[in-house]
Amino acid sequence: MLGEDHSLAKEFPELLDKITALTGSDEKFAADTKRYNALDKEIRVLELRGGPIDDEAMHQLKHDRAELKDSLYLRLKHA
């Protein structure tokens, strides 16, 4: 679905306490979370506005977001 919110809080509501705790205590996790949320917002804006981006570039943005999400999730599960 176009414009869908994939923020960490929406994707992993059951881990919200861990997300908050790690964001406050782990600089790398906080930076990666910020980068993930920025990527997610960029993708949403491009989808909703039909931004000037080719399919390959959009695919790369979504791939980068998915890799970052996987990394963040693993860190959350092991925290």
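Quick note: structure is the one above.
Quick notes on the rules
Here the residue numbers are simple positions, counted from 1 along each chain's written sequence. The predicted origin of the model limits local features to residues at a pLDDT of at least 70 and limits the giving and counting of side-chain atom pairs to 80 or more, whereas totals for whole chains, interfaces and linings rest on all residues. Side-chain descriptors were evaluated using all non-hydrogen atoms of the structure, hydrogens and water having been removed beforehand. What counts as an axis is a line fitted to C-alpha atoms, over the stretch in contact for a helix, and the angles between N-to-C directions run from 0 to 180 degrees. Runs of E in the DSSP output that reach at least two residues are strands. Runs of H or I that reach at least four are helices, and both are numbered from the N terminus. Crossings are classed by handedness, with left-handed meaning an anticlockwise turn of the near helix from the far one by less than a right angle and right-handed meaning a clockwise turn. Contacts were defined at the residue level, with two residues in contact if any of their heavy atoms lie within 4.5 Å. Residues are grouped as follows: nonpolar covers Ala, Val, Leu, Ile, Met, Phe, Trp, Tyr, Cys and Pro; charged covers Asp, Glu, Lys and Arg; every other residue, Gly included, is treated as polar. When a residue's accessible area, from a 1.4 Å probe over protein chains only, is under 20% of the maximum for its type it is buried; when over 50% it is exposed; and in between it is partly exposed. As used in this record, nonpolar core signifies buried Ala, Val, Leu, Ile, Met, Phe, Trp, Tyr and Cys residues forming a set joined through side-chain atoms within 4.5 Å.

K.L.:
Quick question: what am I supposed to make of the packing of helix H2 (residues 16–25) against helix H3 (residues 27–49) here?
P.N.:
Working note: a packed helix pair is described by the angle between its axes plus the distance between those axes. Where H2 contacts H3, the axes come no closer than 6 Å and their chain directions differ by 115°. In this structure, the crossing between H2 and H3 has a hand that is left-handed. Here H2 contributes Ile 19, Leu 22, Thr 23 and Ser 25 to the contact with H3, which in turn contributes Glu 27, Phe 29, Ala 30 and Thr 33. In terms of residue class, the contact of H2 with H3 is made up of 4 nonpolar, 3 polar and 1 charged.

K.L.:
Would you explain the environment of Asp 40 in this entry?
P.N.:
The residue Asp 40 is located in helix H3 in this model. Relative accessible area serves as the criterion here: at 1%, Asp 40 is assigned to the buried category. Spatially, the C-alpha atom of Asp 40 lies 14 Å from that of Gly 51, the residues being 11 residues apart in sequence.

K.L.:
When you look at the nonpolar core in this model, what are you seeing that I'm missing?
P.N.:
One broad rule of soluble globular proteins: the nonpolar side chains tend to lie buried together. Core analysis: the biggest nonpolar cluster contains 10 residues, these being Leu 8, Phe 12, Leu 15, Ile 19, Leu 22, Phe 29, Tyr 36, Leu 68, Leu 72 and Leu 76. Per element, the largest residue contribution to this core is 3 residues, and it comes from helix H4 (residues 55–77). Those residues within four positions of Leu 15 in sequence are excluded, and the remaining contacts are Tyr 73, Leu 76 and Lys 77. With 5 residues, the next largest nonpolar core counts Leu 39, Ile 43, Leu 46 and Met 58 among its residues.

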